[in-house]
Amino acid sequence: MEVKNFIRNYKVVPVVVFNSIDEVRPKLKAMCDGGLPIAEITYRTACAGEAIKIAIEDFPEMLVGAGTVINAKQCEEALSLGAKFIVSPGFSEEVAKICVEKGVPYLGGCVTPTEIMTALSYGCDIIKFFPASNYGGIGTMKALSAAFPAASFLPTGGISDKNLAEFLEWDKIFAVGGSWMMKGTPEEIAEKCAEAVRIAKG
């Protein structure tokens, strides 16, 4: 399935931080067992590249992307390892250029009209709105949407199973990002992923 359609089908993008390689397989298996085979593996830790490599090789059923990508070097590495989409906390023009050239979806963080205009100029019409709870949540996104009807949003930050349904009720929400389902044992992660899928489908 095409990347954007795959994400749109599930409506939830787990933000996954690995502090050691030992965590990778158990957590990814738990996500798949819970019916949420999408992982935005973040470049916040030293083992991110190796984690992406393992995810691509050992979990072919998953859609694996790279998150917290803040420069061209990280982007090039992630794509060389097989990442299918790239996410940044802010909007990086150098990362956007690489993704456009490679035909890979780039979800760059934007919270102002100027940033959204920059993203749209690169053909990036899915806007990561981060941190969503700190920048006014749905109210701010609706105000921005009035000026940018072509944009849809991937809010991340401050989202959990408690407010997931509220965000997804608005038709301009492409999907939501979050890490709430990644806390706990593999069994707990599987349960939380299944609950996220249930809420999103509902």
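Preceding this paragraph is the structure being described.
In short, a report on the structure. In this text the structure is predicted, and so the values were computed from the model without any measurement.

**Section: the overall build of the protein**
Broken down by element type, the protein carries nine helices and eight strands. When the backbone C-alpha atoms are referred to their principal axes, the protein occupies close to 45 × 35 × 30 Å. The buried share of the protein, reckoned over its 202 residues, is 54%. A fraction of 57% describes how many contacts in the protein between residues 6 or more apart in sequence connect residues 24 or more apart. In the form shown here, the protein has an accessible surface area of approximately 8900 Å², with 52% of it arising from carbon and sulfur atoms.

**With respect to the packing of helix H3 (residues 48-58) against helix H4 (residues 72-81)**
Contact geometry of H3 with H4 gives a least axis separation of 9 Å together with a crossing angle of 25°. Considering their axes alone, H3 and H4 lie roughly parallel with respect to each other. Like other packed secondary-structure pairs, H3 and H4 cross with a definite hand, here right-handed. Across the interface between the two elements, Gly49, Ile52, Lys53 and Ile56 of H3 pack against Glu77, Ala78 and Leu81 of H4. Grouping the constituent residues of the contact of H3 with H4 by class yields four nonpolar, one polar and two charged.

**Digging into the nonpolar core**
The biggest cluster of nonpolar side chains holds 80 residues, and the ones touching the most others in it are Leu28, Met31, Phe85, Ile86, Phe153 and Val176. Ranked by residues supplied to this core, first place goes to helix H9 (residues 186-201) with seven residues.

**A look at the packing of H4 against helix H5 (residues 93-102)**
In contact at an axis separation of 8 Å, H4 and H5 are set at 30° when each is read in the N-to-C sense. Classified by the angle their axes make, H4 and H5 are roughly parallel. Of the two elements, H4 crosses H5, and the hand of that crossing is right-handed. Along the contact surface, H4 presents Ala72, Cys75, Glu76 and Leu79, while H5 presents Glu94, Val95, Ile98, Cys99 and Lys102. Class assignment of the residues belonging to the contact of H4 with H5 gives a composition of six nonpolar, no polar and three charged.

**A look at the side chain of Gln74**
In this fold, Gln74 is placed in helix H4. Here the side chain of Gln74 touches Ile70 through a polar contact of 2.8 Å, landing on its backbone nitrogen.

**A look at H5**
All of the buried residues in H5 are Val95, Ala96, Ile98 and Cys99. Looking straight down H5, one finds its buried side chains confined to an arc of 165°; they lie on one side. Those residues of H5 that are buried lie in contact with H4, strand S4 (86-87) and strand S5 (106-107). Just past H5, the residue Gly103 takes up positive phi, approximately 70°.

**Details of H9**
With 16 residues, H9 should reach 22 Å at 1.5 Å per residue; the first-to-last C-alpha distance of 22 Å fits that figure. All of the buried residues in H9 are Ile189, Ala190, Cys193, Ala196, Val197, Ile199 and Ala200. Against helix H1 (3-10), strand S1 (12-16), helix H2 (24-33) and helix H8 (164-168) lie the buried residues of H9.

Rules used in this analysis
- Residues numbered from 1 in each chain as written.
- Predicted model: local features only at pLDDT ≥ 70, side-chain atom pairs only at ≥ 80, totals over all residues.
- Heavy atoms only, no water.
- Helix = DSSP H or I, 4+ residues; strand = E, 2+ residues; numbered from the N terminus.
- Buried < 20%, exposed > 50% of the residue type's maximum accessible area, 1.4 Å probe, protein only.
- Contact = heavy atoms within 4.5 Å.
- Areas by Shrake-Rupley, 256 points an atom, 1.4 Å probe, with all protein chains shown as cover.
- Axes fitted to C-alpha atoms, helices over the stretch in contact; angles between N-to-C directions.
- Parallel < 35°, antiparallel > 145°, perpendicular 65-115°, else oblique.
- Left-handed = near helix turned anticlockwise from the far one by under 90°.
- Nonpolar A, V, L, I, M, F, W, Y, C, P; charged D, E, K, R; others polar.
- Core = buried A, V, L, I, M, F, W, Y, C linked by side-chain atoms within 4.5 Å.
- Polar contact = N/O pair within 3.5 Å; in protein donor to acceptor, adjacent residues only side chain to side chain.
- Arc of directions from axis to C-beta.
- Expected span 1.5 Å × (residues − 1).

Function-wise, these values are silent; they only describe arrangement.
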